[in-house]
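Structural features, examined
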Amino acid sequence: QKEVEQNSGPLSVPEGAIASLNCTYSDRVSQSFFWYRQYSGKSPELIMSIYSNGDKEDGRFTAQLNKASQYVSLLIRDSQPSDSATYLCAVRGSGGFKTIFGAGTRLFVKA
Amino acid sequence: DAGVIQSPRHEVTEMGQEVTLRCKPISGHDYLFWYRQTMMRGLELLIYFNNNVPIDDSGMPEDRFSAKMPNASFSTLKIQPSEPRDSAVYFCASSPGVEKLFFGSGTQLSVL
């Protein structure tokens, strides 16, 4: 079992729709959770972080965390073609600074 | 700030040759990470340093890989001898230790 699992996609949504991206992790003591966006040929960049159960909103993005289910999600409202990218879920454990990434979900937003 | 600087951007080499990838982290960042990204395996953590000391190298695939951080402003990842299966994009990232990783532009390595 991989430490961080994501559906590789591609996930295709029409412009203006809500895109829902999901991630599960195996280490129960994980404390910090991140979503990075990676455009083709570019390096990953952080878009959201979440540390406690519940929802965290930032503009069109909402991160959701359920530690009991070991589940993290990212919702993108009013999806735009510029949101088309690979979204990487990352998890950090309680000790140290080791940050493990999922393989990523490719998102396509159709105009 | 110039960000994390990696060199070279592209490296093409033949199987069996030694490859050295270089990274200059953002000044003041205490953590430095080396990742490898392939379509099949995604973004894999190879090793990370804290204050120039290797903390976790469990992701280093085998003895052909080695990484060093002789000072706070420079790190190398060396592959000797290189093999075609090492072909990937190698990212260096640094962090001040709060949350965010700052990634370099990556080195595209092709081993023929």
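The notes below deal with the structure included here.

Rules and cut-offs
Residues numbered from 1 in each chain as written. Chains lettered and ligands numbered in written order. Predicted model: local features only at pLDDT ≥ 70, side-chain atom pairs only at ≥ 80, totals over all residues. Heavy atoms only, no water. Helix = DSSP H or I, 4+ residues; strand = E, 2+ residues; numbered from the N terminus. Polar contact = N/O pair within 3.5 Å; in protein donor to acceptor, adjacent residues only side chain to side chain. Contact = heavy atoms within 4.5 Å. Salt bridge = Lys/Arg side-chain N within 4 Å of Asp/Glu carboxyl O. Buried < 20%, exposed > 50% of the residue type's maximum accessible area, 1.4 Å probe, protein only. Buried area = accessible area lost by both parts, 1.4 Å probe. Pairing = 2+ DSSP bridges. Axes fitted to C-alpha atoms, helices over the stretch in contact; angles between N-to-C directions. Disulfide = S-S within 2.5 Å.

1. Things to note about the side chain of B:Gln37
Note that B:Gln37 resides in strand S4 (residues 31-38). At a separation of 2.8 Å, a polar atom in the side chain of B:Gln37 contacts the side chain of A:Gln38. The residues touching B:Gln37, leaving out its near neighbours within four places in the chain, are A:Gln38, B:Gly42, B:Leu43, B:Ala88, B:Val89 and B:Phe91.

2. Details of the pattern of salt bridges
Residues and elements named next belong to chain A. Taken as a whole, this structure holds 12 salt bridges over all chains when the rule is applied. Of the charged contacts, one joins glutamate 57 and arginine 77 as a salt bridge, the two residues approaching to 3.5 Å between their closest N and O atoms. Here glutamate 57, found in strand S6 (residues 54-58), pairs with arginine 77, found in the loop between strand S8 (71-76) and strand S9 (85-92); they are 20 residues apart in sequence, far enough to count as distant. The class of glutamate 57 is exposed, set by a relative accessible area of 61%.

3. Examining the interface of chain B and chain A
Interfaces are often sized by the amount of accessible area the parts lose when they come together. Taken together, the contact pairs 19 residues of chain B with 18 residues of chain A. Roughly 1500 Å² is buried in total at the junction of chain B and chain A, and carbon and sulfur atoms are behind 56% of that figure. Of all residues in chain B, B:Leu43, B:Glu99 and B:Phe103 give up the largest surface area on contact with chain A, accounting jointly for 33% of the area buried on that side. Inspection of the region where chain B meets chain A yields 1 salt bridge. Close ionic contact of A:Lys98 with B:Asp56 constitutes a salt bridge, the shortest N to O distance being 3.3 Å.

4. Section: the sheet that holds strand S3 (residues 19-24) of chain B
Residue and element names in this part refer to chain B. The strand order across the open sheet formed by 4 strands is S1-S3-S8-S7, and the pairing between neighbours is antiparallel. Of all strands in the sheet, those bounded by a partner on one side alone are strand S1 (5-7) and strand S7 (65-71). Taking each pair of neighbouring strands and ignoring which way they run, the sheet shows an average axis angle of 15°. As defined by bridge partners, S7 adjoins strand S8 (residues 74-79) across 5 bridges and the pair is classed as antiparallel. In the strand pairing of S8, asparagine 71 is matched with phenylalanine 74.

5. Side note on the sheet that holds S8(A)
All names here are of chain A. Pairing in this open sheet of 5 strands is antiparallel, and the strands run S1-S3-S8-S7-S6 from one edge to the other. If you trace the sheet from one side to the other, it starts and ends with strand S1 (4-6) and S6, each paired once. This sheet shows a mean twist of 20° between the axes of neighbouring strands, independent of strand direction. Looking at chain direction, strand S7 (residues 61-66) and S8 are connected through 6 bridges and run antiparallel. Bridge pairing in S8 places leucine 65 opposite valine 72.

6. Points about unusual backbone geometry
All names here are of chain A. For the peptide bond that leads from glycine 9 to proline 10, omega is 10°, which places it in the cis range. Looking at the secondary structure, you find proline 10 in the loop between S1 and strand S2 (11-14). Even without being a glycine, aspartate 78 presents a positive backbone phi close to 50°. By secondary structure assignment, the location of aspartate 78 is in the loop between S8 and S9.

7. Re the state of the cysteines
Residue and element names in this part refer to chain A. Here the structure, examined in full by the defined rule, presents 2 disulfides over all chains. What pairs with cysteine 23 in a disulfide is cysteine 89, and their sulfur atoms sit 2.1 Å apart. Residues cysteine 23 and cysteine 89 share a disulfide whose torsion about the S-S bond is about -70°; that sign makes it left-handed. Taken as a pair, cysteine 23 in strand S3 (residues 19-25) and cysteine 89 in strand S9 lie far apart in primary sequence, 66 residues in all. Pair check on accessibility: cysteine 23 and cysteine 89 agree, each one buried.

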